Amino acid sequence: MKRYFDDVLLGSIELFCFAAELGSFTAAAAAASVTPAAVSRSIARLEERLGVRLFVRTTRQIRLTDGGRIYFEQCRQSLSQLTDAERQVTGSQAKPAGVLRVSAPTPFAHYRLLPLLGEFRRKYPEVTLDIHVSNRNIDFADEGYDLAIRGRAPADSNLIARKLEDAELVLVASPAYLKRHGKPRKLEDLSKHECIQFELPSTGRRIPWLFMQDGVETEMPTSGGLCCSEDVLGIVTLARAGAGLVQTYRYIVDQDLERGDLVELLPQHGGTSRPFILLYPHARHLSLRVRTFVDFLVAHLPRR
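Reading the values: the criteria
- Throughout, a residue's number is its position along its own chain's written sequence, starting from 1.
- Predicted model: local features are reported for residues with pLDDT of at least 70 only, side-chain atom pairs are reported and counted for 80 or more only, and whole-chain, interface and lining totals are derived from all residues.
- Excluded from the side-chain calculation are hydrogens and water; included are all heavy atoms of the structure.
- Secondary structure elements follow DSSP: runs of H or I no shorter than four residues count as helices, runs of E no shorter than two count as strands, and numbering proceeds from the N terminus.
- The cut-offs for exposure are 20% and 50% of the maximum accessible area for each residue type, with area from a 1.4 Å probe on protein chains only; residues under the lower value are buried, those over the upper are exposed, and the others partly exposed.
- Contacts: residue pairs with any heavy atoms within 4.5 Å of one another.
- Per-residue and other accessible areas follow the Shrake-Rupley method at a 1.4 Å probe size, with only the shown protein chains counted as cover for residues.
- Any Lys or Arg side-chain nitrogen located within 4 Å of an Asp or Glu carboxyl oxygen qualifies as a salt bridge.
- Only buried Ala, Val, Leu, Ile, Met, Phe, Trp, Tyr and Cys residues count toward a nonpolar core, and they belong to the same one when joined by side-chain atoms within 4.5 Å.
- Any two rings among Phe, Tyr and Trp, with Trp reduced to its six-membered ring, count as a pair given centres within 6.5 Å; such a pair is stacked if its planes are under 30 degrees apart, edge-to-face if over 60, and tilted if neither.
- Under this definition, polar contacts are N or O atom pairs within 3.5 Å; protein pairs additionally need one hydrogen-donor-capable and one acceptor-capable atom, and for neighbouring residues in sequence, both atoms have to be side-chain atoms.
- For two strands to pair, DSSP has to find at least two bridges joining them.

Please explain the overall build of the chain as it appears in this structure.
If you tally the helices and strands in the chain, you get 10 helices and 13 strands. The proportion of buried residues among the 304 residues of the chain is 42%. Contacts in the chain between residues far apart in sequence, at least 24 positions, make up 74% of those at least 6 positions apart. For the chain, the exposed area adds up to about 16,200 Å²; of that, 50% sits on carbon and sulfur atoms.

The following block contains the structure:
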């Protein structure tokens, strides 16, 4: 077998990953207990070997080039696999360990993911969880996430998309709003009501509402003078305060419906849903902590 890497090159790759993660040669040097000059020399060796600039350097900061981002993602995954292999061979990988970075949208995070994480940490205390709660799309290679949960699968063929659930949608309003404006009795009545809007941060498009009509799932555009972006939970807060009608996930408002704080509307047109999808790199790149988290999440989420 031909040898492609020596000890110096492997050390340079490790220092490169430190610098990419921390955004600084000085911080990478401190993390690795070497001098900033040693980090700079290591990066220069890598760039000379590859024939590619890995960082754009200014007097105040460094940032990865496009080629650097690709190289960093592959190197980070490879180093993680080497660490896992060593732990498995030595028997120290009986439980997963290390930092796990997960990005999830606000409704799924608050009502599905976050309530499970205490149990996960009790079971796997050596895994440190870094949870990013936001509705914006993330870049796996650029931002260093291990997993993401989103409402749709991307076109990126380098990711595995695994459906977690089809979350049922429900149309609701508060009793106070309905007392002032009355209940809609048919879909056409929605044009007479304040329909609270949510704008997708990724596209700037307002989400159309979904209803079953003659056995077919149908998109229905609605209008209103209230619109939220970024945090979809904002529209539910507005509905609870009597500001208008909103279509949201049933699991968010289950308790409101049971208490009578919100009222379900047009149930004859219900039964629609939107998916939540787990995204992660192909299995050959997965560390044990990622595989363990995926299995835990699938096992503990409601079956839908």
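Moving on from the model shown.
Is there a simple way to explain the environment of Ala104 in this structure?
Positionally, Ala104 belongs in strand β3 (residues 98–104). Look at Ala104 and you get buried, because its relative accessible area is 0%. Between the alpha carbons of Ala104 and Ser134 there is a distance of 6.2 Å; along the sequence they are 30 residues apart. When sequence neighbours within four positions are dropped, the list of residues in contact with Ala104 reads Ala109, Leu113, His132, Val133, Ser134, Ile149 and Arg150.

Hey, could you run me through the pattern of salt bridges in this one?
Here the idea is simple: oppositely charged side chains can pair when their charged atoms come close. Taken as a whole, this structure holds 15 salt bridges when the rule is applied. Across the salt bridge formed by Asp166 and Lys163, the nearest N and O atoms sit 3.3 Å from each other. Classification of Lys163 by relative accessible area gives exposed; the value is 52%. Across the pair Glu219 and Arg205 runs a salt bridge, and its minimum N-O distance is 3.8 Å. Placement of the pair is Glu219 in strand β9 (residues 216–220) and Arg205 in the loop between β7 (197–199) and β8 (209–213), with a sequence separation of 14 residues. Three or more residues are tied together by salt bridges with common partners; here these are Arg240, Asp256, Arg259 and Asp261.

Honestly, the nonpolar core in this entry has me stumped. Any pointers?
The tendency in soluble globular proteins is for nonpolar side chains to be buried side by side. Of all hydrophobic cores here, the largest spans 43 residues; its most connected members are Leu113, Leu147, Ile149, Phe293 and Leu297. Ranked by residues supplied to this core, first place goes to helix α5 (residues 106–123) with six residues. Look past the residues within four positions of Phe293 in its chain and what remains in contact with it is Leu100, Val102, Leu113, Leu117, Phe120, Leu129 and Leu147. Core analysis: the next-biggest nonpolar cluster, separate from the first, contains 20 residues, Leu46, Ile62, Leu64 and Phe72 among them.

I'm lost on the packing of aromatic side chains in this one. Help?
Between two aromatic rings, the relevant description is the distance of the centres plus the angle of the planes. Summed over the entire model, instances satisfying the criterion amount to 11 aromatic pairs. Relative to Tyr251, the ring of Tyr111 lies with its centre 6.1 Å away and its plane at 45°, an arrangement referred to as tilted. Here Tyr111 is found in helix α5, whereas its partner Tyr251 is found in helix α9 (residues 250–259), with 140 residues between them in sequence. Classification of Tyr111 by relative accessible area gives partly exposed; the value is 32%. Seen in terms of ring centroids, Tyr249 and Phe276 are 5.1 Å apart; in terms of plane orientation they differ by 55°. Their pairing is tilted. With a gap of 27 residues between them, Tyr249 in strand β11 (residues 246–249) and Phe276 in strand β13 (residues 273–281) connect regions that are remote in the sequence.

Before we go on, may I ask you to explain the side chain of Arg150 in this structure?
Mapping Arg150 onto the fold places it in strand β5 (residues 147–150). Engagement of the side chain of Arg150 in a polar contact is seen with the side chain of Ser103, the distance being 2.7 Å.

Help me understand the environment of Glu168, please; the structure alone is not making it clear to me.
Positionally, Glu168 belongs in strand β6 (residues 159–173). Among the residues examined, Glu168 registers a relative accessible area of 28% and is labelled partly exposed. Taking the C-alpha atoms as reference points, Glu168 and Arg250, separated by 82 residues in sequence, lie 5.7 Å from one another. Excluding residues within four positions of it along the chain, Glu168 makes contact with Thr248, Tyr249, Arg250, Gly271, Thr272 and Ser273.

Got a minute to help me understand the pairing of β13 in this structure?
Consecutive side chains along a regular strand alternate between the two faces of the sheet. The sheet contact formed by β5 and β13 spans three bridges and is antiparallel. The partner of Arg150 across the bridge, within β13, is Ile277. Note: β6 against β13, nine bridges, orientation antiparallel. Paired with Glu165 across the bridge in β13 is Phe276.

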